Amino acid sequence: MNAIAHKDYASGVPIQISVFPDHITFWNSGQLPEDWTTDRLFESHPSAPYNPIIANAFFRSGDIESWGRGYKRILEAVSAYRLLPPKLEMISGLMITYYTDVRSQLLAQRVDERYIPVIEYAAQNGSVTNSDVQRILNTNRTTAYRLLQQMGTWLEMQGVTGKSTYYTIKGLPNASQTLQK
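Let us look at the structure shown here. As the structure is a computational prediction, the values presented were derived from the model and not from experiment.

**Overview of the nonpolar core**
If you look at the biggest cluster of nonpolar residues, it comprises 24 residues, and the most contacted ones within it are Leu106, Ile119, Val128, Leu148, Met151, Leu155 and Ile169. Secondary structure elements with two or more residues in this core: helix H4 (70-80), helix H5 (102-108), helix H6 (116-125), helix H8 (141-150) and strand S6 (166-169). Considering every element that reaches this core, the biggest residue donor is H6, with five residues. Those residues in contact with Leu148 that sit more than four places away from it in its chain are Val118, Val128, Thr129, Asn130, Val133, Leu155 and Tyr167.

**Re the environment of Ala123**
Structurally, Ala123 is set in helix H6. Sequence separation between Ala123 and Val102 is 21 residues; the distance between their C-alpha atoms is 7.7 Å.

**Some remarks on the pattern of salt bridges**
Counted according to the given criterion, the structure contains four salt bridges. Residue Arg114 is joined to Asp112 by a salt bridge in which the shortest nitrogen-to-oxygen separation is 2.9 Å. Arg114 sits in the partly exposed class, given a relative accessible area of 42%. Taking relative accessible area as the criterion, Asp112 reaches 31% and is therefore assigned partly exposed. Note that Arg135 is salt-bridged to Asp132, the shortest N-O span being 3.4 Å. In this pair, Arg135 and Asp132 are both assigned in helix H7 (residues 130-137), three residues apart and thus about one turn of the helix distant.

**A word on H6**
Taken together, the buried positions of H6 are Ile116, Val118, Ile119, Ala122 and Ala123. Down the axis of H6, the buried side of the element spans an arc of 165°, and every buried residue falls inside it. After H6 finishes, the residue Gly126 shows a positive phi value of roughly 90°.

The rules behind the values
Residues numbered from 1 in each chain as written. Predicted model: local features only at pLDDT ≥ 70, side-chain atom pairs only at ≥ 80, totals over all residues. Heavy atoms only, no water. Core = buried A, V, L, I, M, F, W, Y, C linked by side-chain atoms within 4.5 Å. Buried < 20%, exposed > 50% of the residue type's maximum accessible area, 1.4 Å probe, protein only. Helix = DSSP H or I, 4+ residues; strand = E, 2+ residues; numbered from the N terminus. Contact = heavy atoms within 4.5 Å. Salt bridge = Lys/Arg side-chain N within 4 Å of Asp/Glu carboxyl O. Arc of directions from axis to C-beta.

That is the geometry; function is a separate question.
This is the structure we're talking about:
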């Protein structure tokens, strides 16, 4: 529905959907507002549908609950399925790629293979601690800490430094709360 509401219909280029064994990609020729980045889509933002009449029709039919929440709902859904946020790219339009599992997404994005079991653990459990990393990778506390710092693209630190520190998947809203539901 996001692709339909935000498509540039003047371009005449259709929305494109590509299905692969481990991911699905949606591409649409619509553009983001001038001062927006793909990161902004996953933050709270005002709605600026490229086609407000179509967006309003979706709203009135009950297919969308409100404008400006589409990407927030996407993040809630991938979190509920214990996946990572989808990959967004601007390639003559907006391309969004959803992966069927964490490992496939990380391998496709050429993440260091040492990090994969840690990120998978965080996605499955809502968070990961230094102790978890020590156990998962059979390593010591200092090495686990260094590896967690190197995974800053995927994990963000929560809590204060010390035993109460844990790391969650970056970009997912209330990942641990969503997993408990």
